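# What the coordinates show
These are the residues of each chain, in order.
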Amino acid sequence: MIGFYNYSVILTYVGLLSSVFGITQVFEGHDAIAFFCLVASGICDLFDGKIARSMKNRTDHEKVFGIQIDSLCDLVCFGVFPAVLGYHYHTIYPMRLIPSLMIVLAAVIRLGYFNVMEEERQRETAENRKEYEGLPVTSVCIVLPLLYIGRHNIPPHIFPYVFQGFLILISALFVAKIKVNKPSNKGLLIMFTLGLIIFFSYLKMNHII
């Protein structure tokens, strides 16, 4: 089979499958499960780079493949998946279509730009990246679940507009020329906490606990 198969890409694939499953749950009307899958994909993305860097004997082809496959999966997880979530919330047709188109387009541009700059950076240094240019696409797995958790504080007829407004804002920040520090262990803790909150809220909503 074509491709490269080693443990450095396993979490990347798990994150992708989590998002694809989450998209199916949006169509099934299981919002809590969908947002939980988004958080799970974010956790996978936070760790996959660390695992890849721990593999010291990777060839140049394996390194480039890792960069490409990571970005392709990120496009689905943090571009297409949020677009489906946004479109799912019913508002005036153009209002729910435009944010979905914007976040996918912005994610493509950002990830393509990142690939070019990351290949160049890896040729020049072996140091770990300390900051990003533009808002990382993985930010959606913190911002959007937080919105979902706080939806009870927003009138139900207003929440879809708020959610789609955030998609537009995030899209702009994806391609903004700003410096953003790389997520630390605090980011991981936040995502774990969000995942647990969403999971237990789903159990409570379905009278499982």
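What you are looking at is a predicted structure, and each value in this text was computed from that prediction instead of being measured. (Residues numbered from 1 in each chain as written. Predicted model: local features only at pLDDT ≥ 70, side-chain atom pairs only at ≥ 80, totals over all residues. Heavy atoms only, no water.)

As annotated by UniProt and renumbered to match this structure, "transmembrane region" (unreviewed entry) occupies residues 7-27, 33-52, 64-87, 93-113, 134-152, 158-176 and 188-205. Secondary structure over residues 7-27 splits into 86% helix and 0% strand, and the C-alpha atoms at its two ends are 32 Å apart. Split by type, residues 64-87 is 100% helix and 0% strand. Its first and last C-alpha atoms lie 33 Å apart. (UniProt positions renumbered as here; feature names shortened; annotations may be inferred. Helix = DSSP H or I, 4+ residues; strand = E, 2+ residues; numbered from the N terminus.)

For helix α3 (residues 60-88), built from 29 residues, the straight-helix expectation of 42 Å at 1.5 Å per residue is met to within 8% by its first-to-last C-alpha distance of 41 Å. Most pronounced at Asp74, the bend in α3 amounts to some 25°. (Expected span 1.5 Å × (residues − 1). Bend = angle between axes of the 7 residues up to and from the residue.)

Axis separation between helix α1 (residues 10-28) and α3 bottoms out at 9 Å; the angle between their running directions is 15°. Considered as vectors, α1 and α3 are oriented roughly parallel to each other. Classified by chirality, the crossing of α3 by α1 is left-handed. Together, Thr12, Tyr13, Gly15, Leu16, Ser19, Val20, Gly22, Ile23, Val26 and Phe27 of α1 and Phe65, Ile69, Asp70, Cys73, Val76, Cys77, Val80, Phe81, Val84, Leu85 and His88 of α3 make up the contact between the two elements. Partitioned by chemical class, the residues of the contact of α1 with α3 number 15 nonpolar, 5 polar and 1 charged. (Axes fitted to C-alpha atoms, helices over the stretch in contact; angles between N-to-C directions. Parallel < 35°, antiparallel > 145°, perpendicular 65-115°, else oblique. Left-handed = near helix turned anticlockwise from the far one by under 90°. Contact = heavy atoms within 4.5 Å. Nonpolar A, V, L, I, M, F, W, Y, C, P; charged D, E, K, R; others polar.)

Let us look at the nonpolar core. If you look at the biggest cluster of nonpolar residues, it comprises 36 residues, and the most contacted ones within it are Phe35, Leu38, Leu144, Phe163 and Phe174. For this core, the secondary structure elements donating two or more residues are α1, α2 (31-54), α3, α4 (93-124), α5 (140-149), α6 (159-174) and α7 (185-205). If one sorts the elements of this core by residue count, α2 sits on top with 8 residues. Those residues in contact with Leu38, other than ones at most four positions away along the chain, are Cys77, Phe78, Phe81, Leu85, Val140, Cys141, Leu144 and Pro145. (Core = buried A, V, L, I, M, F, W, Y, C linked by side-chain atoms within 4.5 Å. Buried < 20%, exposed > 50% of the residue type's maximum accessible area, 1.4 Å probe, protein only.)

Let us now look at the packing of α3 against α6. The contact between α3 and α6 brings their axes to 10 Å, and the two run at 160°. By the angle class used here, α3 and α6 are roughly antiparallel. For the pair α3 and α6, the sense of crossing is left-handed. Of α6, the residues touching α3 (which contributes Phe78, Pro82, Leu85 and Gly86) are Phe163, Gln164, Leu167 and Phe174.

Next up on the list: empty space enclosed by the protein. Throughout the structure, instances matching the rule amount to 1 cavity of 30 Å³ or more. Approximately 40 Å³ is the volume attributed to the largest cavity. Residue lining of the largest cavity: 13 residues in total, with Thr12, Gly15, Asp45, Asp48 and Asp74 positioned closest to the centre. At the level of elements, α1, α2 and α3 are the ones that each hand at least two residues to the lining of the largest cavity. Its residues assigned to classes, the lining of the largest cavity comprises 6 nonpolar, 3 polar and 4 charged. (1 Å grid on protein atoms, 1.4 Å probe; cavity = no way out; pocket = protein on both sides within 12 Å on 5 of 7 lines; lining within 4 Å. Points joined across faces, edges and corners; volume = space filled by probe spheres on them.)

This brings us to the packing of aromatic side chains. For the structure on display, the rule yields 6 aromatic pairs. Ring centres of Phe35 and Tyr148 lie 4.4 Å apart, and the angle between their planes is 20°; this geometry places the pair in the stacked category. Residue Phe35 is located in helix α2, and its partner Tyr148 is located in helix α5; the two are separated by 113 residues in the primary sequence. Here Phe35 matches Tyr148 in class, with each residue buried. Through a chain of ring-to-ring contacts, three or more aromatic side chains come together here, namely Phe35, Tyr89, Tyr148, Phe159 and Phe163. Here the basic side chain of Arg151 rests over the ring of Tyr148, its NZ or CZ set 3.9 Å away from the ring centre. (Phe/Tyr/Trp six-rings, centres within 6.5 Å; stacked < 30°, edge-to-face > 60°. Lys NZ or Arg CZ within 6 Å of the ring centre and 35° of its normal.)

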